[in-house]
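Structural description and commentary
What follows is the residue order along each chain.
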Amino acid sequence: MNKIAYFDCPTGIAGDMCIGALIHAGVPLEYLIEKLNLLGISTEYQLRTELVHRNTQQATKFYVDLAADLSLKPKNSATELDPSETESPTFDARHHHHHREEHSHSHGEPDAEISHSHHRNLPEIEQIIVSAKLPPRVEAWSLAVFGKLAEAEGAVHGIPASEVHFHEVGATDAIIDIVGTCLGLDWLDIQEFYFSAMPTGSGTVKAAHGRLAVPTPAVMRLWETHRVPVYSNGIDRELCTPTGTAIACTLASAFGPPPPMQIQAIGLGAGSRNLAIPNILRLWIGEKEEGRGKKEEGRGKREEGRGKREEGIGEKEIFNQFPMPNAIETITVLETQIDDLSPQAIGYVFDALFAAGALDVFTAPIVMKKSRLGVLLTAICHPEFEDACEAVIFRETTTLGIRISTQQRTILHREIQTVQTEYGEVKIKVAKSGETIVNVQPEYEDCAEIARIKNISWREVHRLALQSWYDRT
C-alpha cells in the first residue's frame, strides 16, 4: 500500500495549519505532546486545539501558547489575540549578526510587536532534534526542513546557513510546528507528499529596515530553488510563511494538481484570520491509484540501475529526487515598436535587458503606420524585474511608450547534467514533463568554448556531447 498525502493550500501554508489539519485527520494531540516533550523545551510552551469556523466551515485550530507570552497576557483579557499578530520574525531585530546588520520581518499583522526571547542558530536546533531520539523519519525530515530554511535565509542575508540566528523559526513555536508536522505525518504512515500550487498573497509586512514586500524574501528564495508553481488569489495578506514553505519544499514529491488517489480521510487546519475565502489548509489522505502503479511496472534495467545509484542516499536528500510536474509561473511581458533606432543599438538593448533580469528578449519585423518598417521589441521577465527592464527600454531606445501585461507560462522541469567528451566536459540541459524526458540539449557556451580552443566545428562538439549523453543513459 502506497499511502500519500496531498496538501491543498488555497489560502497558503503555515506550520500551525499543517498540525491542525493532521489532528483533524486523526493524529492524537496526546501523541504529539508526548513526543514533543522529548525535545526538552516543554517548560516553554503549552499546546491546545479547538474547533473553529472559517466562513461557516469548521476546522481545527492548533495553538502554541508560549510561557513568555502567557506571563505578559492580562488575566482578564476579554479578547483572544490573533496569534499572527504576535508571530515573531525570522531574524530578531535586537540580535546583531557578524555583518552588523539587524534582521526582522513579521509574518502576521504589519504592526506586530515582538515578544519572544529565544534565539537559536541552526547547530543548536539540530542538537535539540537529534538529542530527542525521535522516530528516524521524523528526525530526518525535521533536520531537512530546518536545513532548507537556514539555506534560504542565509542566501537572502548573505551569510552561511550555520550562522543564521533564527527567531521566529528558532523560537519554541516554530520548532513545535516543524517537528510536530513531521511527527503527525509519520504517525499517519504517509509515504509520499504532494502540494498544490501556492498563492502569493500581496501587500507588505513590517521589517527592521522598513517594510518588506509579500511574498517575503525567504519564501521567494524557496519557491525559486524548488520551482514552485504560484498564482495570485487576490488576497492582500501574507499567506505562505517561511516555516510552512520550508515544510512543503522539503517534503514535496511534486507541486501542482492532486495525483490519482483514493481519498480515505480529510484533515482541515484553520489559519488565524478570516479571509475572503475559508482560511483552511485541506489535507487529503489516501492511497495512490493502482492503475498508475501498474503503468510503472517493468520499466526495465535503466530504472533499476537508477534505483541502485540512489541507494545509500539519506532521507534528507531523497525528497529532491522525485519528478517535478510542469510548472506554471507568472511572467511580465513588455513590448514596444520602434522605427527610428539603429540596429546596433537594438543589439545593445538585448545585452542591457538580460543584465537587468530579463528571461528572454526578441524582436520581430513589422510594418508601422505610413508603411514605415520597424521592429517589435519584446522582453519577458519575472514581475520583480519589471521596473528594471522598463527603465532599460526607455533609456536605451527612442520609444515613447511600453505595453506591459502579466501572463502565465508553463515550463518544463529542467536539470543540468554533465558529460565528458574526448575534447572536454559539456553541460547538458535535460527537460522533463513529469517522468518523461522530452528535450536534451548541450549548453551552447560549453560547445562554443571547446570549438574555439580545439579548432573544430561547433556542430561536431554538439554532436559528440549528445552522443555521450545518450550512450551514458
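Data block above holds the structure.
Residues numbered from 1 in each chain as written. Predicted model: local features only at pLDDT ≥ 70, side-chain atom pairs only at ≥ 80, totals over all residues. Heavy atoms only, no water.

Some details on unusual backbone geometry
Keep this limit in mind: In this description a helix means any DSSP run of H or I spanning at least four residues, a strand means any run of E spanning at least two, and both kinds are numbered starting from the N terminus. Whether a residue is buried, partly exposed or exposed follows from its accessible area with a 1.4 Å probe, protein chains only, as a fraction of its type maximum: under 20%, in between, or over 50%, in that order.
Note the cis peptide between Val 214 and Pro 215, where omega equals 5 degrees. When you line up the elements, Pro 215 lands in the loop between β9 (210–213) and α7 (217–226). Backbone geometry at Arg 227 places phi at a positive 50 degrees, although glycine is not the residue there. One can find Arg 227 in the loop between α7 and β10 (230–231). When its relative accessible area of 34% is taken as the criterion, Arg 227 is described as partly exposed.

A closer look at the packing of aromatic side chains
Inclusion rule: Note on aromatic pairs: the rings of Phe, Tyr and Trp (six-membered ring only in Trp) are paired at centre separations within 6.5 Å, and the planes decide the class, stacked below 30 degrees, edge-to-face beyond 60, tilted for the rest.
Across all of its chains, the model carries 7 aromatic pairs by this definition. Their ring planes at 10 degrees and their centres at 4.4 Å tell us that Phe 7 and Phe 195 sit as a pair that is stacked. In this pair, Phe 7 sits in strand β1 (residues 3–8) while Phe 195 sits in strand β6 (residues 192–195), placing the two residues 188 residues apart along the sequence. Residue classification places Phe 195 among the buried residues on the basis of a relative accessible area of 0%.

Some details on the packing of helix α14 (residues 444–454) against helix α15 (residues 458–472)
Using the following cut-off: Under this scheme, a helix contributes an axis fitted over its contacting stretch, all axes are lines through C-alpha atoms, and angles between N-to-C directions fall in the 0 to 180 degree range. By definition in this entry, angles of less than 35 degrees are roughly parallel, angles greater than 145 are roughly antiparallel, angles of 65 to 115 are roughly perpendicular, and the rest are oblique. Should the near helix be turned counterclockwise from the far one by less than a right angle, the crossing is left-handed, whereas a clockwise turn marks it as right-handed. In this analysis, two residues are considered to be in contact whenever any of their non-hydrogen atoms come within 4.5 Å of each other. Residues are sorted three ways: Asp, Glu, Lys and Arg are charged, Ala, Val, Leu, Ile, Met, Phe, Trp, Tyr, Cys and Pro are nonpolar, and all the rest, Gly among them, are polar.
Between α14 and α15, whose axes approach to 8 Å, the crossing angle comes to 125 degrees. When the axes of α14 and α15 are compared, the pair comes out oblique. Of the two possible hands of crossing, α14 and α15 adopt the one that is right-handed. The segment α14 lies against α15, with Tyr 444, Cys 447, Ala 448, Ile 450 and Ala 451 engaging Trp 458, Val 461 and His 462. Considered class by class, the residues forming the contact of α14 with α15 number 7 nonpolar, 1 polar and no charged.

As for the packing of helix α6 (residues 172–187) against helix α8 (residues 242–251)
Two numbers describe how α6 lies on α8: the axes approach to 10 Å, and their chain directions differ by 35 degrees. For α6 against α8, the interelement crossing comes out right-handed. Seen from α6, the contacting residues are Ala 174, Asp 177, Ile 178, Thr 181 and Leu 185; seen from α8, they are Thr 243, Ile 247 and Leu 251. Partitioned by chemical class, the residues of the contact of α6 with α8 number 5 nonpolar, 2 polar and 1 charged.

Overview of the pairing of strand β16 (residues 373–381)
Counted only if it meets this: Strand pairing is assigned whenever DSSP detects at least two bridges linking the two strands.
When strand β15 (residues 358–367) meets β16, the two strands line up antiparallel, connected through 9 bridges. Each residue of the ladder has a partner; that of Val 367, found in β16, is Leu 373. A loop of 5 residues connects β15 with β16, the two strands running antiparallel in sequence, and Lys 370 in this loop sits at a positive phi of about 60 degrees.

Remarks on the nonpolar core
Defined as follows: In plain words, nonpolar cores are sets of buried Ala, Val, Leu, Ile, Met, Phe, Trp, Tyr and Cys residues tied together by side-chain atoms within 4.5 Å.
In terms of nonpolar packing, the biggest core is built from 66 residues, with Phe 7, Leu 39, Phe 195 and Met 198 touching the most fellow members. In terms of residues, this core owes the most to one element, helix α5 (residues 136–157), which gives 8 residues. Among the nonpolar cores identified, the runner-up in size contains 16 residues, and Val 349, Ala 352, Ala 358 and Ile 402 belong to it.

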